Amino acid sequence: MVTKGIIDKLYEKNYLNEEEMLYLLDNIDEENKEYLRVKALNVRTKYYGKKVYLRGLIEFTNYCKNNCMYCGIRFSNKNAIRYRLNAEEILSTCRKGYELGFRTFVLQGGEDPYFSDDIIIDIISKIKNYFPSCAVTLSIGEKSYDSYKRYFDAGADRYLLRHETASKKLYESLHPNMSFENRIKCLNNLKKIGYQVGAGFMIGLPNQTNEDFVKDLMFLKELEPQMVGIGPFIPHKDTPLSDKKAGDLNTTLILLSIIRLLLPKVLLPSTTALGTINPKGRELGLLAGANVVMPNLSPIEVREKYSLYDGKICTGEEAAECLICLKNRIESVGFEVDMGRGDNIDWERKS
Ligand code: SAH
């Protein structure tokens, strides 16, 4: 009964305090989990109907100067086969995506110093010039305010930078030579500049507790990002966390539903990592309140190499095949694909 009351409060007020949030996470059972899920689905349907937005993900470099303990493309992984796409290859990937109907391109990569601001700006300008109806999302890590501003002025619309975990201690144990404060500062800068911003975290990191998730949820509520990306941690064989357990489906689904209720209009992907830990993971994510899917558009030759974690799905199919498969999956659980830009419904670009 208490748990149900907390879910009702979350639904009505889009808010819980830390104690209530922790209580919910500690005590939720199967019945309340379903109650929460239905409320979350209700809210997503109220704002976004049955629409699922698709984003074309272009993984354009797997070089990285960082050493995140969980990540397969970390600097110290000497087994990673490194690659970069040049501007021309990125543009031809966009063209292919455009022809398939995609209107958002997400450029994601490691923090690769080869891509100077000038190169990034050149790529953004070209994409916006050739495909003015498309949104460009960047996911290239921590940069200065000025760099973020220059990308924005060149036409970038959105920026994904997961905070990874809002527990400073856990963050620092996972990110050698990086600072939690800087990660948060980057997110604030991105918001200030006027991007649609995506934060988010991993689920099931070694030593992560429900208290840590409470911090993540409180942080998200305070930041109010337009997008939130969450997914299970999955070990990669060539990292220091290779022998750790992956995050679980159940916790991820509960957190997706809570996030939908905390930030009712948020763009919330059902991630590839979720589809990797369970064959129906992405469908279940949509049913728990997610409203975005990000299929891989990267050229097939490089897909295996962008290996953040083991077992990643969809590395062997052409983009067109992926799209058909995804459409079927999305429709199989009663949703419909929307190939539009899919901006956050509260958002308007200023300048
Ligand atoms: N360099 C960019 C992009 C990082 S890759 C940045 O710093 O934002 C995109 C996301 O993949 C990361 O933010 C992280 O949350 C996720 N990721 C990395 N390794 C992972 C793993 N082993 N399991 C699950 N997710 C992982």
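Details of the structure are given in the entry above.
If you're wondering where the values come from, they're calculated on a predicted model, not measured in any experiment.

**A look at helix H10 (residues 249–262)**
Look at H10: 20 Å from first C-alpha to last across 14 residues, which is about the 20 Å you get at 1.5 Å a residue. In terms of burial, H10 is a largely internal element, twelve of the 14 residues being buried. Residues of H10 that are buried: Leu249, Thr252, Leu253, Ile254, Leu255, Leu256, Ser257, Ile258, Ile259, Arg260, Leu261 and Leu262. Two to three positions downstream of the cap, the backbone nitrogen of Asn250 sits 3.2 Å from a side-chain oxygen, assigning the N-cap of H10 to Asp248.

**With respect to the site of the ligand**
In the vicinity of the ligand, 17 residues are found, and the nearest of them are Tyr70, Gly109, Arg162, Glu164 and Ile234. Separating an oxygen atom of the ligand from a side-chain N or O atom of Glu164 is a distance of 2.6 Å. Within the contact set of the ligand, a nitrogen atom lies 3.3 Å away from a backbone nitrogen or oxygen of Leu308. Burial of the ligand by the surrounding chains reaches 91%, relative to a free accessible area of 550 Å². When each cavity is represented as a set of grid points, the ligand is found to reside in the largest cavity. Partitioning the shell around the ligand into residue classes produces ten nonpolar, four polar and three charged.

**Remarks on empty space enclosed by the protein**
Enumeration according to the criterion identifies four cavities of 30 Å³ or more in this entry. Reported here for the largest cavity is a volume of approximately 990 Å³. Gln108, Ser139, Arg162, Glu164 and Leu308 are, among the 48 residues lining the largest cavity, the residues nearest its centre. Considering each element in turn, the lining of the largest cavity owes the most residues, four residues, to strand S3 (residues 104–109). Of the residues assigned to the lining of the largest cavity, the class counts are 26 nonpolar, 14 polar and eight charged.

Definitions and limits used
Residues numbered from 1 in each chain as written. Predicted model: local features only at pLDDT ≥ 70, side-chain atom pairs only at ≥ 80, totals over all residues. Heavy atoms only, no water. Helix = DSSP H or I, 4+ residues; strand = E, 2+ residues; numbered from the N terminus. Expected span 1.5 Å × (residues − 1). Buried < 20%, exposed > 50% of the residue type's maximum accessible area, 1.4 Å probe, protein only. Polar contact = N/O pair within 3.5 Å; in protein donor to acceptor, adjacent residues only side chain to side chain. Near = heavy atom within 4 Å. Areas by Shrake-Rupley, 256 points an atom, 1.4 Å probe, with all protein chains shown as cover. 1 Å grid on protein atoms, 1.4 Å probe; cavity = no way out; pocket = protein on both sides within 12 Å on 5 of 7 lines; lining within 4 Å. Sits in = over half its atoms within 2 Å of the grid points. Nonpolar A, V, L, I, M, F, W, Y, C, P; charged D, E, K, R; others polar. Points joined across faces, edges and corners; volume = space filled by probe spheres on them.

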